[in-house]
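Reading the structure
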Amino acid sequence: MITEDLQRKIDRAIRLLQGIQNGYDGEIEVAYSGGKDSDVILQLAKEAGIRYRAIYRNTTIDPPGTIAHVGRMGAEILRPKETFFQLVAKKGFPNRFSRFCCEKLKEYKVMDKCIMGVRKSESSKRNERNNEPTECRWYGRKTEANHVEAIYPILDWTDNDVLAFVEDRHLTLAPVYYTSRGQIDVSKRLGCMCCPLAT
């Protein structure tokens, strides 16, 4: 059920996206991971009526069913030059201090403006680090070529907000979010299999 508070958040998110598009002639990237938050930001981009490209960075180690879901949602799939296992063969396994896999497989610039499904409630680090709905992000060295304007339309949304929006819009999520009884469990996270940063 969409509460008054959630409706305000939806309206604010749509205004943010329309404001980013206003005066900008190009397309805006929707950083689409196939996760529940990505499904929400993709739907918000559609409702905002902005020009966007949904782009999925294939890490080669996402949970089963993710690629099929990404295809159903119409996202463009970018394939890496080297797979995760080819990177491991060269560099060894990643760890909390050496996250080369993120840099090579999913954290790189594609477009100048990028909508991301970052939410403060997902982790204490995100809660501390992200306080504004937009920020300048750099991928690699701080040069214009590596600069991205990151946009976080659902920064202050809770899991309950996400669930209510998904149910209200009748969105179908990736298989990882469904229990054996077919119910949605938004407490689950979609990420790389065996990620050393996952709890």
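Residues numbered from 1 in each chain as written. Predicted model: local features only at pLDDT ≥ 70, side-chain atom pairs only at ≥ 80, totals over all residues. Heavy atoms only, no water.

Here we look at helix α2 (residues 36-48)
- In this model, α2 (13 residues) spans 18 Å end to end at C-alpha, consistent with the 18 Å of a helix rising 1.5 Å per residue.
- The buried count for α2 comes to eleven of 13 residues, which makes it a mostly enclosed element.
- Looking at the buried residues of α2, the elements they touch are α1 (4-21), β1 (28-31), β2 (52-57), α3 (66-72), β4 (113-115) and α7 (159-168).
- Positive phi appears at G49, one or two residues downstream of α2, with a value of about 75°. (Helix = DSSP H or I, 4+ residues; strand = E, 2+ residues; numbered from the N terminus. Expected span 1.5 Å × (residues − 1). Buried < 20%, exposed > 50% of the residue type's maximum accessible area, 1.4 Å probe, protein only. Contact = heavy atoms within 4.5 Å.)

Quick notes on the environment of D112
- Of note, D112 is situated in the loop between α5 (100-105) and β4.
- A relative accessible area of 43% means that D112 is categorised as partly exposed.
- Taking the C-alpha atoms as reference points, D112 and N146, separated by 34 residues in sequence, lie 8.7 Å from one another.
- Among residues more than four places away in sequence, those in contact with D112 are Y24, H147, V148 and E149.
- Among the polar contacts listed, one links the side chain of D112 to the side chain of K109, at a separation of 2.8 Å. (Polar contact = N/O pair within 3.5 Å; in protein donor to acceptor, adjacent residues only side chain to side chain.)

Section: the pattern of salt bridges
- The final tally for this structure, using the stated rule, is 13 salt bridges.
- Salt-bridge contacts for R53 lead to E76; the nearest nitrogen and oxygen are separated by 2.9 Å. In this pair, R53 sits in strand β2 while E76 sits in strand β3 (residues 76-78), placing the two residues 23 residues apart along the sequence.
- Judged by its relative accessible area of 27%, R53 falls in the partly exposed class.
- Two residues, R119 and D159, come together in a salt bridge whose shortest N-O distance is 2.8 Å. Of this pair, R119 sits in the loop between β4 and α6 (124-129) while D159 sits in helix α7, placing them 40 residues apart in sequence.
- For R119, a relative accessible area of 1% gives the class buried.
- Residues joined by salt bridges that share partners form a network here, namely D5, R8, K9 and D161. (Salt bridge = Lys/Arg side-chain N within 4 Å of Asp/Glu carboxyl O.)

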